[in-house]
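Remarks on the overall topology
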Amino acid sequence: MLKAAGLEVYPILLSTRNHGKISANYPFLDYFNYVIVYAKIDDSLVLLDATEPLCNFNELPTRCLNDYGFIVQKKKEEWLQFHSNFVSEMNYNFIIKLNANNDSIINRCKLMITGYDAIDYRKKFANGYDKVKDNLIGKNSVLIDSIKFVNLYEIQKPFGINFKEMMRIGFVDNKIIISPFCFKAI
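This section reports on the structure supplied with the text. If you're wondering where the values come from, they're calculated on a predicted model, not measured in any experiment. (Residues numbered from 1 in each chain as written. Predicted model: local features only at pLDDT ≥ 70, side-chain atom pairs only at ≥ 80, totals over all residues. Heavy atoms only, no water.)

1. Section: the pattern of salt bridges
- As enumerated under the stated definition, the model contains seven salt bridges in all.
- A salt bridge links E8 to K40; the nearest nitrogen and oxygen atoms lie 3.8 Å apart. Here the residue E8 occupies a position in strand 1 (residues 8–14), and K40 occupies one in strand 2 (residues 34–41), the gap between them amounting to 32 residues.
- Judged by relative accessible area, which is 35%, E8 ranks as partly exposed.
- Residues joined in a network through salt bridges with shared partners are D49, E52, R63 and K123. (Salt bridge = Lys/Arg side-chain N within 4 Å of Asp/Glu carboxyl O. Helix = DSSP H or I, 4+ residues; strand = E, 2+ residues; numbered from the N terminus. Buried < 20%, exposed > 50% of the residue type's maximum accessible area, 1.4 Å probe, protein only.)

2. Re the side chain of E59
- Within the element layout of this structure, E59 appears in the loop between strand 3 (44–48) and strand 4 (68–73).
- Notably, E59 is buried but unbridged: the nearest opposite-charge side chain belongs to R122, and the N-O separation is 7.7 Å.
- Within the local environment of E59, its side chain forms a polar contact with the backbone nitrogen of N56, the two atoms lying 2.8 Å apart.
- Filtering out sequence-adjacent residues up to four positions away, E59 remains in contact with L47, F86, G115, Y116 and I119. (Lys, Arg positive; Asp, Glu negative; His and termini not counted. Polar contact = N/O pair within 3.5 Å; in protein donor to acceptor, adjacent residues only side chain to side chain. Contact = heavy atoms within 4.5 Å.)

3. Quick look at the side chain of S15
- Its place among the elements puts S15 in the loop between strand 1 and strand 2.
- Taking the relative accessible area as the measure of exposure, S15 reaches 1% and is therefore buried.
- In this structure the side chain of S15 is engaged in a polar contact, spanning 3.3 Å, whose partner is the backbone oxygen of Y31.
- Other than its neighbours up to four places away in sequence, S15 contacts G20, I22, Y31, N33 and N66.

Okay, structure coming up:
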């Protein structure tokens, strides 16, 4: 289809991460188990894989990022090393308020996720609300209201999760002890 549209395209043979790395010195056919597309568009290299609908344009699934791929061309042997230019970030924004009874805190959390982490969370949501809930809410807290998703289907934008939780607090010598990161991994 891309050739019919007038683009210069070539298949790239590669090995997925689960399949192992390719030895470029002895590239036996058994080393390869996957094909993606290499396209030249306006002097730019674009790598395409249509099997992952949650990936952005020119973003390969993580299973494809496995060192080198072989560009299939006539009369030319060329290897391409894979690099990812996409940054994955998870940014938590906490609004913490002490409960009226001074025995717990209420945490309003806004989580913004980009890159491959956003793809993973979108997949977890596709597998079920409970998987996302278990991943977000620790053993020390209780979910107060439902989890709300931001940009669930807009893959060009960061994926967001908003939720509210109640967490118990500790006391030492009449001083309140609060986990500054609300038991989330740093």
